[in-house]
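# Per-entry structural report
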Protein chains: 2
Amino acid sequence: MSSENSTGRVSARSKRADALRNQQALLAAAAEVFVASGVDAPIRQIAAKAGVGTGTIYRHFPTRADLVTAVFRHQIEECAEAGSVLLAAADSPFIALRQWIDLFVDFLVTKHGLADAMQSDSSGFAALHRYFLDRLLPVCARLLDAAVEAGEIRAGTHPYELMRGIGNLCIGGGDPQYDPRRLVELLLCGLQRHPSE
Amino acid sequence: MSSENSTGRVSARSKRADALRNQQALLAAAAEVFVASGVDAPIRQIAAKAGVGTGTIYRHFPTRADLVTAVFRHQIEECAEAGSVLLAAADSPFIALRQWIDLFVDFLVTKHGLADAMQSDSSGFAALHRYFLDRLLPVCARLLDAAVEAGEIRAGTHPYELMRGIGNLCIGGGDPQYDPRRLVELLLCGLQRHPSE
DNA sequence: GACAAAGCGGAACGATGTTCCGGATAGTAA
DNA sequence: TTACTATCCGGAACATCGTTCCGCTTTGTC
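Calculation notes
- Residues numbered from 1 in each chain as written.
- Chains lettered and ligands numbered in written order.
- Predicted model: local features only at pLDDT ≥ 70, side-chain atom pairs only at ≥ 80, totals over all residues.
- Heavy atoms only, no water.
- Near = heavy atom within 4 Å.
- Polar contact = N/O pair within 3.5 Å; in protein donor to acceptor, adjacent residues only side chain to side chain.
- Helix = DSSP H or I, 4+ residues; strand = E, 2+ residues; numbered from the N terminus.
- Contact = heavy atoms within 4.5 Å.
- Buried area = accessible area lost by both parts, 1.4 Å probe.
- Salt bridge = Lys/Arg side-chain N within 4 Å of Asp/Glu carboxyl O.
- Nonpolar A, V, L, I, M, F, W, Y, C, P; charged D, E, K, R; others polar.
- Expected span 1.5 Å × (residues − 1).
- Buried < 20%, exposed > 50% of the residue type's maximum accessible area, 1.4 Å probe, protein only.
- Least-squares fit on C-alpha atoms with pLDDT ≥ 70 in both.
- UniProt positions renumbered as here; feature names shortened; annotations may be inferred.
- Phe/Tyr/Trp six-rings, centres within 6.5 Å; stacked < 30°, edge-to-face > 60°.
- Axes fitted to C-alpha atoms, helices over the stretch in contact; angles between N-to-C directions.
- Parallel < 35°, antiparallel > 145°, perpendicular 65-115°, else oblique.
- Left-handed = near helix turned anticlockwise from the far one by under 90°.

Around DNA strand C lies a shell of 25 residues, among which Arg-16, Asn-22, Gly-55 and Thr-56 of chain A together with Ala-17 of chain B are the nearest. Sugar and phosphate atoms form 55% of the subset of DNA strand C atoms that lie within 4 Å of the protein. For DNA strand C, a phosphate oxygen lies 2.7 Å from a polar atom in the side chain of Thr-56 of chain A. Mapped by element, the contributors of at least two residues to the surface near DNA strand C are α1 (17-37) and α3 (54-60) of chain A together with α1 (17-37), α2 (43-50) and α3 (54-60) of chain B.

Moving on, we get to the interface of chain A and chain B. Taken together, the 28 residues of chain A in the interface contact 28 residues of chain B. For the pair chain A and chain B, the summed buried area comes to about 2500 Å², and 63% of that belongs to carbon and sulfur atoms. The interface formed by chain A and chain B contains 4 salt bridges. The residue Glu-161 of chain B makes a salt bridge to Arg-182 of chain A at a minimum N-O spacing of 2.6 Å. Between the two partners, chain A and chain B, sit 13 residue pairs in polar contact (both at pLDDT 80 or more). Counting residues per element, the ones that place at least two in the side of chain A that touches chain B are α6 (114-119), α8 (159-169) and α9 (180-191) of chain A. Looking at side-chain class alone, the side of chain A that touches chain B contains 11 nonpolar, 10 polar and 7 charged residues.

Now for the environment of Gly-167 of chain A. All names here are of chain A. On the secondary structure map, Gly-167 appears in helix α8. Distance in space between the C-alpha atoms of Gly-167 and Asp-116 is 8.5 Å, their sequence separation being 51 residues. Once you skip the residues sitting within four places of it in the chain, Gly-167 turns out to touch Phe-104, Leu-108, Ala-115 and Gln-119.

This paragraph deals with the protein's contact with DNA strand D. Taken together, 25 residues surround DNA strand D, and among them Arg-44 of chain A together with Arg-16, Asn-22, Gly-55 and Thr-56 of chain B come closest. The sugar-phosphate portion of DNA strand D accounts for 54% of its atoms within 4 Å of the protein, the bases making up the rest. A distance of 2.9 Å separates a phosphate oxygen of DNA strand D from a polar side-chain atom of Tyr-58 of chain A. At 3.0 Å from a phosphate oxygen of DNA strand D is found a side-chain nitrogen or oxygen belonging to Thr-63 of chain A. When contributions to the surface near DNA strand D are tallied by element, the ones reaching two or more residues are α1, α2 (43-50) and α3 of chain A together with α1 and α3 of chain B. Here the element with the most residues in the surface near DNA strand D is α3 of chain B; it accounts for 5 residues. Among the residues forming the surface near DNA strand D, the class breakdown is 7 nonpolar, 10 polar and 8 charged.

With that out of the way, let us pick up helix α5 (residues 93-110) of chain B. Residues and elements named next belong to chain B. With 18 residues, α5 should reach 26 Å at 1.5 Å per residue; the first-to-last C-alpha distance of 26 Å fits that figure. Among all positions of α5, only Pro-93, Phe-94, Ala-96, Leu-97, Trp-100, Ile-101, Phe-104, Val-105, Phe-107, Leu-108 and Val-109 are buried. Those residues of α5 hidden inside the fold are in contact with α4 (64-89), α6 (114-119), α7 (126-149), α8 (159-169) and α9 (180-191).

Rotating chain A by 180° about the axis while translating it 0.0 Å along that axis superimposes it on chain B, leaving an RMSD of 0.1 Å. Given the turn and translation reported, the copies of this chain are related as if by a two-fold rotation axis. When C-alpha distances to the rotation axis are compared across chain A, the minimum falls at Gly-190 of chain A, with a value of 1.8 Å. Interface residue correspondence from chain A to chain B reaches 100%, placing this contact among same-surface, isologous pairings.

The positions UniProt marks with the feature "DNA-binding region" (unreviewed entry) are residues 42-61 of chain A. As annotated, residues 42-61 of chain A comprises 75% helix and 0% strand, and the C-alpha atoms at either end are separated by 14 Å.

Attention now moves to the packing of aromatic side chains. Residue and element names in this part refer to chain A. Taken as a whole and assessed by the stated rule, the structure comprises 10 aromatic pairs over all chains. Between Trp-100 and Phe-104, the ring centres sit 5.8 Å apart and the planes meet at 5°, which makes this aromatic pair stacked. Of the two residues, Trp-100 and Phe-104 both sit in helix α5 (residues 93-110), 4 residues apart, roughly one turn of that helix. Take Phe-104: its relative accessible area is 2%, and that puts it in the buried class.

A separate point is the packing of α1 of chain B against α2 of chain B. Residues and elements named next belong to chain B. It is at 8 Å that the axes of α1 and α2 come closest, and there the two elements cross at 125°. When the interaxial angle is binned, α1 and α2 end up oblique. Regarding α1 and α2, the two cross each other, and that crossing is right-handed. Facing α1, whose interface residues are Ala-25, Leu-26, Ala-29, Ala-30, Glu-32, Val-33, Phe-34 and Ser-37, α2 presents Gln-45, Ile-46, Lys-49 and Ala-50. Its residues assigned to classes, the contact of α1 with α2 comprises 8 nonpolar, 2 polar and 2 charged.

Written out as structure tokens, the structure reads:
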């Protein structure tokens, strides 16, 4: 079914066997290197671990960011799909929102430097950024809307701003003195409707 | 009075006239280039604008971060000093805290990419990061303590975490769809004591 | 088994931060 | 004024990136 290549999706059609093997090897190697050295690890290191030349990487993933996107794609997908599930299962929309944000934060924090790389507009990570937004923004928006409608949080918060803010807060999670989760929690508190005011 | 060089302080003793001239020219050029192209601007560009060679930069500022630190040093100082003034003048410690944070945010947002560069532990901006902390952390801590003591905000917030979080939120301020100030405001709301709970 | 298309490897390119060193220069002493 | 030296300067050179390019290899097919 369909190629839809260059960003890491299925692509099972009309490719040579060795090409497919290399693509898989690259994805596996990249995943390994990313957890070991962060998403800023040199391309050459990934190529070496996969046992291929640097040119081969660019044949499969036109740019560094495309490789990163491909590696994390299914995890992003899982996070997106969790949105509906949580909204249906939780006792209230706000609880669902909080749980979903927990998931989102976990995802960002456990990947070394993913949040760092995604926000800084340099390094051409725009593709990853866009994919993140395309997939997760609607989910976040739906959860926010539901919580607003339930009267649990104040209206007027832009989903994009919230997601970006949370993403930013997750930068530098390696520091033991800095726990992004506490600040995200603070943000959520600020989001809630206050009786006074 | 003392040299105390390599980070941009006074250093008026025992230096050749041309060396001093170049250092001044570099600071001026760097300041200009930073506002034009952000703090990530290439060293060579700054050297060219100052009319010196790249080696000359490293003679005066051992590393890129030292140059950045030197350029912004007096502004950081101003921000630090504003803390006491605001605390003495404002109607309440929380108001002072909010005003001070406004100042802090303004500082970060108006320098293109300053916040970006400072947080990411790569690029060896550790020196800048430390200077920021050394100078501003005590101020933030004092404001926080005062607000806690006045019963305006919840206790238990670590000053370092708060400053770092705010710094993180200021990353990517160039995006018209993302206003760090709104999120910082949300954070402050979350900090306030809630009647319920 | 031959052959074209697809794919591969790694040298090469351009950009970056940083180091190095031969030569210029400022300050000083005669 | 003229030497002389410690200091400083300029930019070539080095290491490390991401990325591109191209001659050679491999694969699938007839």
